Amino acid sequence: MYRFIPQYSPEQLHALQEDGLRWTVLHAYARSPQYRKKFQDAGIDPTDIRSLEDVRHLPLTTAEDLREGYPLPLLAVPESEVVRVHASSGTTGKRKILAYTQKDVDSFALQMARCFELAGLSPQDRVQIAVGYGLWTAGAGFQLGCEQFGALTVPVGAGNLELHLQMLTDLGSTCLCSTASMALLMGEEVQRHALADKIKLRTVIFGAEGHNAKMRRAFERDLGLKESFDIGGMTEMYGPGSSLECRAHEGLHYWADLFLIEILDPLTLQPVAPGERGEMVVTSLCKEAAPLIRYRTRDLSRLLPQPCPCGCSMPRHDHILGRSDDMIVFRGVNIYPGQIADVLQEFKDLGSEYHIRLKREEGRDFMFLQVERGNGLSSDTDEALAKAVAGRLHDKVLISAAVEIADTGALPRSFGKSRRVTDARLGDGA
Ligand code: ZN
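Peer 1: Explain the sheet that holds strand 20 (residues 402–406) to me, please; I cannot follow it from the model alone.
Peer 2: Backbone hydrogen bonds hold the strands of a sheet together, and the pairing may be parallel or antiparallel. Ordered in space as 20-19-18-21, the 4 strands form an open sheet in which the pairing is mixed. The open sheet has two edge strands with one neighbour each: strand 20 and strand 21 (421–423). On average, adjacent strands in this sheet sit at an angle of 15° to one another, irrespective of strand direction. In the sheet, strand 19 (residues 364–373) pairs with strand 20 via 5 bridges, with the strands oriented parallel. Residue pairing across strands places Glu372 opposite Ala406, the latter belonging to strand 20. Set on the sheet, helix 10 (residues 382–397) makes contact with strand 18 (350–361), strand 19 and strand 20; between it and strand 20 the angle comes to about 140°.

Peer 1: Please explain the nonpolar core as it appears in this structure.
Peer 2: Buried together is how nonpolar side chains tend to be arranged in soluble globular proteins. Counting residues in hydrophobic clusters, the biggest one holds 63 residues, and the most contacted among them are Leu21, Leu58, Phe116, Val127, Phe142 and Ile205. The dominant element in this core, judged by the number of residues it contributes, is helix 4 (residues 102–118), at 7 residues. Apart from residues lying up to four places away in sequence, Val127 is in contact with Phe116, Leu121, Cys146, Ala151, Leu152, Thr153, Val154, Cys175 and Cys177. Val343, Phe347, Val397 and Val403 belong to the second largest nonpolar core, which has 25 residues in total.

Peer 1: Please clarify how the coordination of the zinc ion should be interpreted in this entry.
Peer 2: By definition of the ideal shapes, four donors in a tetrahedron about a metal sit 109.5 degrees apart, and six donors in an octahedron sit 90 or 180 degrees apart. Coordination of the zinc ion by the protein comes from Cys246 (SG), His253 (NE2), Cys308 (SG) and Cys310 (SG), over a distance range of 2.0 to 2.3 Å. For the zinc ion, the 4 donor atoms in the first shell make angles of 105 to 112° at the metal, so the coordination geometry reads as tetrahedral.

Peer 1: Would you mind going over the domain arrangement of the protein chain with me for this structure?
Peer 2: Once the domains are mapped, the protein chain shows domain 1 (1–323) and domain 2 (327–426). A separation of 31 Å is found between the C-alpha centroids of domain 1 and domain 2. With 11 residues of domain 1 in contact, the opposing surface of domain 2 contributes 12 residues. Of the roughly 1000 Å² buried where domain 1 meets domain 2, counting both sides, 55% is carbon and sulfur surface. Among the residues of domain 1 in contact with domain 2, Lys214, Arg277 and Leu321 are the three that bury the most area, contributing 46% of the side total. Linking domain 1 with domain 2 are 0 salt bridges. Inspection of the region where domain 1 meets domain 2 yields 2 residue pairs in polar contact (both at pLDDT 80 or more). Among the residues making up the side of domain 1 that touches domain 2, the classes are represented as 5 nonpolar, 2 polar and 4 charged.

Each value, and the rule that gives it
Residues numbered from 1 in each chain as written. Predicted model: local features only at pLDDT ≥ 70, side-chain atom pairs only at ≥ 80, totals over all residues. Heavy atoms only, no water. Pairing = 2+ DSSP bridges. Helix = DSSP H or I, 4+ residues; strand = E, 2+ residues; numbered from the N terminus. Axes fitted to C-alpha atoms, helices over the stretch in contact; angles between N-to-C directions. Contact = heavy atoms within 4.5 Å. Core = buried A, V, L, I, M, F, W, Y, C linked by side-chain atoms within 4.5 Å. Buried < 20%, exposed > 50% of the residue type's maximum accessible area, 1.4 Å probe, protein only. Donors = N, O, S within 2.8 Å, 3.2 Å for Na, K, Ca; no water. Tetrahedral: all angles 85-135°; square planar, octahedral: opposite > 155°, others 65-115°. Domains from an automatic or database assignment. Buried area = accessible area lost by both parts, 1.4 Å probe. Salt bridge = Lys/Arg side-chain N within 4 Å of Asp/Glu carboxyl O. Polar contact = N/O pair within 3.5 Å; in protein donor to acceptor, adjacent residues only side chain to side chain. Nonpolar A, V, L, I, M, F, W, Y, C, P; charged D, E, K, R; others polar.

This is how it looks when you write it as structure tokens:
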């Protein structure tokens, strides 16, 4: 029933992954001086890697390796075989530039085409692209995938709301690819100009930044959508489209014939128990120009081992819960701010801003959580609300926290990759 998403039995997928892993390790060792040195330093001979379990013996690759190999890190083909580069925005220091062969570009197109298929689109759809073009992977990726899939592409690019609204009305675009905040802004504009009856949008595919359930409900309502889908991806793994939510909306399917995912404890770098949360570490299985071997993504998630109700046999991971740098160890338990945010989402009387403060007294850790009251609500129910939140945190995240409800707007706003945690336990020698 799928044209682009192959359906494998677990045995078939296992065999494919094993072949891909062996090929990748031999290829990287033979053709990338950077990988060869890493393997030699770790005392690894590529022929030692025979089964999927052997992946654990390989050294990890980090963003540091990408910087070290600048401008064409991890390169494992002659430069004459490179047909394009893309780069991530990179908040500090040098950009990460990644090289692609023609086969890599084809794999990039395929992973995106699979996303459009999983989102239930057909070649009759019109896909309006509202993300950046250029060195950035997003625009190029959506466009390549959409053309491969056979739908009509409307490549407007990032920003330019007026042009977007014009194309939505004149061309009747049915799918929008954007960030969640751009979709939110577009929804507000559609309402402000009373265009809801004049547009034909049914689907939004959104990614590349944090979002919350409230934002998502708001743009789904304002744009009159049938559905929206969270998309995964990163420049290192071709770009967007390495995973997508399916129509069951219970996690994201990822293309396990193109890459492996391991989930490691970010502190010990050992595998977590199946289904537990940790850092996603990826190994590409057919990437030529810049293969990834146990690349630390810093993204936190978990694998969802049960079969998906949608019937697609590709495995799934959960939504990204945050960055491993933000992990808190509290009374011996690893906690991610995303887990706390998930609990707060359940309360309609709360805003989305919160702050965590950690303190140590007499050798014991304490957590204080401040959450903003929802806009326009009275403080009368604060006490009951705080108690309910604390109870839910205890049940779901297994932590005891003192919860305080703050006035709307009382907590500092942080933009981008915010740190919502103040850790006052540090520096006391414990
Ligand atoms: Zn599914």
